[in-house]
Amino acid sequence: MKGIVISMFLVLGTVHLMVHQGEAVECTQVNRLLAPCIPYLTGEATEPREECCRGVSDIKTLTPTTEDRQEACGCVKTAAAHIPNVDPAAAAALPTECKVDIGIPISKNTNCQDIK
């Protein structure tokens with residue numbers, strides 16, 4: 001039992017270190033947070049998994065400023081370009097499906113400089 005509690009604290013500590021509000025956004029973070037969404041985005045799943053929505057929520061926490069959101073937008077566009085079978089409708093619907101307004105349209109065609 002004691003080992004389980006210690007393991008949980010280690011996991012929570014790791015997650016806390018991964019998502020620090022106000023720090024520079026790195027594409028590796030954004031990619032890691034959205035990786036569980038790939039089955040939904042490619043049509044392999046009809047709805048996003050809980051881990052996916054948790055990642056979307058963490059992106060919201062990670063991007064409190066316009067600059068952060070624009071940087072994350074660029075990361076999303078780059079990642080989407082490397083996954084050729086992303087369904088544009090599923091990508092656009094992801095924040096709504098996860099019930100999280102992240103302030104970043106998920107699309108290969110978004111002009112990230114327009115994000116406020």
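Residues numbered from 1 in each chain as written. Predicted model: local features only at pLDDT ≥ 70, side-chain atom pairs only at ≥ 80, totals over all residues. Heavy atoms only, no water.

This part is about the overall build of the protein. Within the protein, the secondary structure is distributed over six helices and zero strands. Across the 116 residues in the protein, those meeting the buried criterion constitute 35%. Within the protein, residue pairs in contact and separated by at least 24 positions form 77% of the contacts whose partners lie at least 6 positions apart. When the accessible area of the protein is evaluated, it comes to approximately 7,200 Å², of which 58% is carbon and sulfur surface. (Helix = DSSP H or I, 4+ residues; strand = E, 2+ residues; numbered from the N terminus. Buried < 20%, exposed > 50% of the residue type's maximum accessible area, 1.4 Å probe, protein only. Contact = heavy atoms within 4.5 Å. Areas by Shrake-Rupley, 256 points an atom, 1.4 Å probe, with all protein chains shown as cover.)

With that settled, the discussion passes to the packing of helix H2 (residues 27-34) against helix H4 (residues 50-62). Closest axis-to-axis distance for the H2/H4 pair is 7 Å, and the angle between their directions is 150°. In terms of axis orientation, H2 runs roughly antiparallel to H4. Residues Gln29, Val30, Leu33 and Leu34 of H2 form the contact with H4, whose own contacting residues are Cys52, Gly55, Val56, Asp58, Ile59 and Leu62. Taken together, the residues of the contact of H2 with H4 break down into seven nonpolar, two polar and one charged. (Axes fitted to C-alpha atoms, helices over the stretch in contact; angles between N-to-C directions. Parallel < 35°, antiparallel > 145°, perpendicular 65-115°, else oblique. Nonpolar A, V, L, I, M, F, W, Y, C, P; charged D, E, K, R; others polar.)

Compared with the 22 Å implied by 1.5 Å per residue over 16 residues, the 23 Å span of helix H5 (residues 66-81) between its first and last C-alpha is a close match. Inspection of H5 places Asp68, Arg69, Gln70, Ala72, Cys73, Cys75, Val76 and Ala80 among the buried residues, and these make up the whole buried set. Residues of H5 that are buried make contact with H2 and H4. (Expected span 1.5 Å × (residues − 1).)

On average, residues of the protein carry a pLDDT of 83, and 80% of them reach 70 or more. Segment residues 1-22 is flagged for pLDDT under 50; beyond a separation of four residues in sequence, or across chains, it makes 11 contacts in the model. (pLDDT = per-residue confidence, 0-100.)

Between H2 and H5, whose axes approach to 9 Å, the crossing angle comes to 60°. The angle between H2 and H5 falls in the class oblique. Read as a crossing pair, H2 and H5 show a hand that is right-handed. Judged by residue contacts, Cys27, Val30, Asn31 and Leu34 of H2 engage Ala72, Cys75, Val76 and Ala79 from H5. Class assignment of the residues belonging to the contact of H2 with H5 gives a composition of seven nonpolar, one polar and no charged. (Left-handed = near helix turned anticlockwise from the far one by under 90°.)

A separate point is the state of the cysteines. If you walk through the whole model with that rule in mind, you get four disulfides. In this model, Cys27 is linked to Cys75 through a disulfide, with the two sulfur atoms separated by 2.1 Å. Judged by the sign of its S-S torsion, about -80°, the cystine formed by Cys27 and Cys75 is left-handed. Of the two residues, Cys27 sits in helix H2 while Cys75 sits in helix H5, which places them 48 residues apart along the sequence. (Disulfide = S-S within 2.5 Å.)

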